[in-house]
Amino acid sequence: MKIRLSRERVRGDFVKKVEMISGQDLLQCYQCGKCSAGCPAAFEMDILPSHVIRLAQMGQEEELAQANSYWICFSCQTCTVRCPRGVDIAKIMEALRLVTLRQKNRNKVEATGLPPELLAELPQIAIVSSLRKLSG
Amino acid sequence: MKPRIGVFVCHCGLNIAASVEVSEVVKAIKDYPGVVHAQDYIYMCSDPGQNLVRKAIREHNLTGLVMSNCSPSLHERTFRNLAKSEGLNPYLVEVANIREYCSWPHQGDKETATKKALTIIKATIERVKRNQALTPLVVPLQKRVLVLGGGVAGMQTALDIAEGGYPVTILEKQAYLGGRVRQLDHTFVTMEKAKDLAGEMIDRTLAQPNIEVLTTAQIEGISGYVGNFEVQIRRQSDWVDPEKCNGCEACIKACPVEVPSTFDRGLVMRKAIDWTPGARPGEKRVFLDHQACVRVTRQESCTACQEVCDQGAITYPEDEQITQMYGAIVVATGHDLYRKSALTEYATDPDVLDALQFERLLSEDGPTGGKVLRPSDGKEPKEVVFVQCAGSRDPDKHFPYCSKICCMYTCKEARRYKEKVPDGQAYVFFIDVRSTGKGYEEFVKESVQKERLLYLKGKVSKIARQGDKLLVLGGDTITGHRVEIEADLVVLAMATVPSPGAKELARLLNVNTDPYGFIQEAHPKLAPVETLTAGIYLAGTSQAPKDIPHAIYQASGAASKILSLFSRKELIHEPLVAHVDTEICAGCGYCHDNCAYQAVSVDPILKKAVVNEALCEGCGACATACPSGAIQVKNLDSKQVFDMISVVTKDYALRP
């Protein structure tokens, strides 16, 4: 894949929004790959966590929108704990979810659409996380 | 006098004794002609071992020792010193190497090893019988140093030596001191102005009474050896008298010759007579560059500048010739950058700069007064791409080595660009970021975050002009994506190469260069500031690419080596040198042709070979070349060699 870089790209709104929501400096990451190496869910992801950060550094919004990685991430925070540069990767994953969610009308799951029997049985936390992860 | 030789056979633990039947050797050698004492011991080099040797010298009044043990490179000195302290001339001691030459290669074959050990010892006995008692040579020492190059390395060496109390001459090719650092804007990691750093050193150098600075000067010839180099220096005389010049620029306007400015790396043109950096950073003066002037280049008698000068400041005196004796020489001739045009895929566009050109754009005393403006149209570039490893780490097309300094200066240049153009974006293409110095890694990471530098892992494949922009085709090997950037300016971190003329200088000084023209150190680890030619030392980037701190380390290292040399009253030289029998010598000069040290010459009047004992290393190349055997190495003459061969051929005769 060919990407075109410009200052509008690498310092655009997308990068700023991700950094603002996560409170992380994306350029703090030096791409060692330790997060990807230890991620227990990486086998299900189409883009490795470290590559997610890399694409975010380069402002590659469209490619990230196609990725399932931050929906697979279950915020176990293994990456955050192990990152040698102190990057809270789980927070960046969350920020990417939020950036996507904040775009209107992209929900895949509506709480009102769930059958009442299932709602009665499901733990509340599962409903909340399902809403997060299956939306967008 | 009949020889009274003592033979000492060492077991070296089991190193020798496991393969050589030591007791048998001692028994067999005891009655060999000339031997009056033979003895073995487990470790002859140990204190009790040495005491045995001392005792034997005294008791048996020995006239020679054959130490049968390890290689002479290990313990020859030990036993020669021992002999000296017992009043026996040290050159009457020889080592019979029965370890490296015998017990080690013949492990498990005791019979062969024992026989061979005996032969080696007997041959050495024959050699010792003809050894002469020699006295080390005393060579006078000129305590004055010549430093070639007035950059930071050269100045540091000169300052250290001068502060130690010895006179130093700095020869600088350019018209000013400071070398490459004068061209730089800031220095990493401190982000100190290069001008201040160089300025402080230049001030100290000019104020140091023991230092003589010769600018626009070069070495022309050299003869002699450590402690006594006779050096011919050629100094271009100053054609503009700085005392009289009032800077009216009339001469500059009148001069018909225009050349690219070397100091500004060709970013602007200059007249042959024009402003040039002055003695100190920030100062400038009118200077006539001989290399550009038609009076020199075309032997014309142009006097255009002289005619318009109403101060009478311009005259054309001949170059100055100086001959001076020096005890030691330091090569600190610095480096250059590989030529951009060699990387054809990166184009020869005016907006593709090398790193030093970019330093000039950043510098306040540069052609743009420190404003970052691109050469093609003078606009401020908003997208700047830096390309590392341009020519370095490219064994197939360019240079296999890492230029060492580019990672750091690229980061610094990108950072300085952003400080000057805050709304611009800097991209850095890299293969690895090698930030291996104190505070270096922290500097890179801090710069990346502070100035939002985008580092992209991958080498740029092509840079092409596309209208107003330069299309940079690169890649990000981390994500596996190809990357395209429409850049306004590209800066190439060109490979670091030796200064022009380094190879010719090396040939003149009789020192080696590596395949790329950097001066070769005597040993990469243990003698990194010396060359293989005694008395010639190295400092700075003439030896290999290095940054300012490392250049300073090496410069001070070279200075301390020289101060240690100068702390002696005179030089002592091994007396194991070549000697000419003038009765036999026919003056054919074969010895001269074969000498690697230029130690033998033929006297033009007497037609006899003459050995300069101070230069001779006793290698014996002359002795093997001499058709009549007139030239011989002391204590290894042909009679000794024949005696030794006789022992061997007798012991190993095909037909007994």
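This text goes with the structure placed above it.
Model, not experiment: these values are computed from the prediction.

## Regarding a nonpolar patch on the surface
For step 1, the next point in the chain: Together, Leu636, Val641, Phe642 and Ile645 of chain B line one region of the surface with nonpolar side chains, adding up to about 360 Å² of accessible area.
For step 2, the next point in the chain: Along the chain, the position of isoleucine 645 of chain B falls in helix α18 (residues 638-651).

## Concerning the side chain of lysine 271 of chain B
All names here are of chain B.
For step 1, the next point in the chain: Position of lysine 271 among the secondary structure elements: in strand β14 (residues 269-271).
For step 2, the next point in the chain: Of the side chains bearing the opposite charge, glutamate 258 lies closest to the buried lysine 271, which forms no salt bridge; the N-O distance is 5.8 Å.
For step 3, the next point in the chain: From its side chain, lysine 271 meets the backbone oxygen of cysteine 255 in a polar contact 3.1 Å long.
For step 4, the next point in the chain: Excluding residues that lie within four positions of it along the chain, lysine 271 makes contacts with Ile252, Lys253, Cys255, Val257 and Glu258.

## Section: the sheet that holds strand β24 (residues 462-466) of chain B
For step 1, the next point in the chain: With respect to topology, four strands assemble into an open sheet ordered β1(A)-β26(B)-β25(B)-β24(B), the strand pairing being mixed. The open sheet has two edge strands with one neighbour each: β1 (2-5) of chain A together with β24 of chain B. With strand direction ignored, the average angle separating the axes of adjacent strands in the sheet is 25°.

## Here's the deal with the packing of aromatic side chains
All names here are of chain B.
For step 1, the next point in the chain: One pass over the full model with this rule turns up 12 aromatic pairs over all chains.
For step 2, the next point in the chain: Relative to tyrosine 440, the ring of phenylalanine 188 lies with its centre 5.4 Å away and its plane at 85°, an arrangement referred to as edge-to-face. Separated by 252 residues along the polypeptide, phenylalanine 188 in the loop between β8 (186-187) and β9 (192-193) and tyrosine 440 in helix α13 (residues 440-450) bring together distant segments of the chain. With respect to class, phenylalanine 188 is no different from tyrosine 440; both count as buried.
For step 3, the next point in the chain: An aromatic cluster is present here, built from Tyr338, Phe399, Tyr401, Tyr516 and Phe518 joined pairwise through their rings.
For step 4, the next point in the chain: The aromatic ring of tryptophan 275 is capped on one face by lysine 284, whose charged end is 4.5 Å from the ring centroid.
For step 5, the next point in the chain: The ring of tryptophan 239 has arginine 295 lying over it, and the distance from NZ or CZ to the ring centre is 5.9 Å.

## Description of the sheet that holds strand β4 (residues 93-97) of chain B
All names here are of chain B.
For step 1, the next point in the chain: Reading across from one edge, β2-β1-β3-β4 is the order of the four strands in this open sheet, with parallel pairing throughout. Since the sheet does not close on itself, it has two edges, and those belong to β2 (35-41) and β4, each with one partner. The mean angle between the axes of side-by-side strands here comes to 20°, regardless of whether they run parallel or antiparallel.
For step 2, the next point in the chain: Both strand β1 (residues 5-10) and strand β3 (residues 64-69) contribute to a ladder of five bridges, which runs parallel. Note that in β3 the partner of phenylalanine 8 across the bridge is methionine 67.
For step 3, the next point in the chain: Most of the contacts of helix α2 (residues 47-60) go to β2, to which it runs at about 165°, and overall it touches β1, β2 and β3.
For step 4, the next point in the chain: Packed onto the sheet, helix α3 (residues 72-85) meets β3 and β4 and runs at close to 150° relative to β4.

## A short note on the side chain of glutamate 172 of chain B
Residues and elements named next belong to chain B.
For step 1, the next point in the chain: Residue position: glutamate 172 is located in the loop between β7 (168-171) and β8.
For step 2, the next point in the chain: Although buried, glutamate 172 forms no salt bridge, and the nearest oppositely charged side chain, lysine 173, lies 7.3 Å from it.
For step 3, the next point in the chain: Separated by 2.7 Å, the side chain of glutamate 172 and the backbone nitrogen of glycine 150 make a polar contact.
For step 4, the next point in the chain: Not counting chain neighbours up to four residues away, the residues in contact with glutamate 172 comprise Gly149, Gly150, Gly151, Leu177, Leu214, Thr215, Thr216 and Ala217.

## Regarding the pattern of salt bridges
Residues and elements named next belong to chain B.
For step 1, the next point in the chain: For the coordinates displayed, the defined rule picks out 56 salt bridges over all chains.
For step 2, the next point in the chain: For aspartate 651, the salt bridge identified is with lysine 122, shortest N-O distance 3.2 Å. Within this pair, whereas aspartate 651 is found in helix α18, its partner lysine 122 is found in helix α5 (residues 110-129), the two being separated by 529 residues in sequence.
For step 3, the next point in the chain: Look at aspartate 651 and you get partly exposed, because its relative accessible area is 24%.
For step 4, the next point in the chain: Here lysine 193 and glutamate 364 are joined by a salt bridge, their closest N and O atoms 3.4 Å apart. A residue pair is termed long-range when its members are at least 10 positions apart, and lysine 193 in strand β9 and glutamate 364 in the loop between α11 (355-362) and β21 (383-390) qualify at 171 residues.

## Looking at the environment of valine 52 of chain A
Residue and element names in this part refer to chain A.
For step 1, the next point in the chain: Relative to the elements of secondary structure, valine 52 occurs in helix α4 (residues 49-57).
For step 2, the next point in the chain: The exposure class assigned to valine 52 is buried, which follows from its relative accessible area of 0%.
For step 3, the next point in the chain: Between the alpha carbons of valine 52 and tyrosine 70 there is a distance of 8.4 Å; along the sequence they are 18 residues apart.

## Looking at the packing of helix α12 (residues 406-420) of chain B against α13 of chain B
Residues and elements named next belong to chain B.
For step 1, the next point in the chain: Two elements in contact, α12 and α13, have axes whose closest approach is 10 Å; the angle formed by their N-to-C orientations is 30°. Considering the angle they form, α12 stands roughly parallel to α13. The chirality of how α12 crosses α13 is left-handed. For the pair α12 and α13, contact is made by Met408, Cys411, Lys412 and Arg415 and by Tyr440, Phe443, Val444, Glu446, Ser447 and Lys450, respectively.
For step 2, the next point in the chain: Residue composition of the contact of α12 with α13, by class: five nonpolar, one polar and four charged.

Parameters at a glance
Residues numbered from 1 in each chain as written. Chains lettered and ligands numbered in written order. Predicted model: local features only at pLDDT ≥ 70, side-chain atom pairs only at ≥ 80, totals over all residues. Heavy atoms only, no water. Patch = residues over 30% accessible without salt bridge, like charges linked within 9 Å, V, L, I, M, F, W, Y side chains within 5 Å. Areas by Shrake-Rupley, 256 points an atom, 1.4 Å probe, with all protein chains shown as cover. Salt bridge = Lys/Arg side-chain N within 4 Å of Asp/Glu carboxyl O. Helix = DSSP H or I, 4+ residues; strand = E, 2+ residues; numbered from the N terminus. Buried < 20%, exposed > 50% of the residue type's maximum accessible area, 1.4 Å probe, protein only. Lys, Arg positive; Asp, Glu negative; His and termini not counted. Polar contact = N/O pair within 3.5 Å; in protein donor to acceptor, adjacent residues only side chain to side chain. Contact = heavy atoms within 4.5 Å. Pairing = 2+ DSSP bridges. Axes fitted to C-alpha atoms, helices over the stretch in contact; angles between N-to-C directions. Phe/Tyr/Trp six-rings, centres within 6.5 Å; stacked < 30°, edge-to-face > 60°. Lys NZ or Arg CZ within 6 Å of the ring centre and 35° of its normal. Parallel < 35°, antiparallel > 145°, perpendicular 65-115°, else oblique. Left-handed = near helix turned anticlockwise from the far one by under 90°. Nonpolar A, V, L, I, M, F, W, Y, C, P; charged D, E, K, R; others polar.

Without other data, these values stay purely geometric and don't point to any function.
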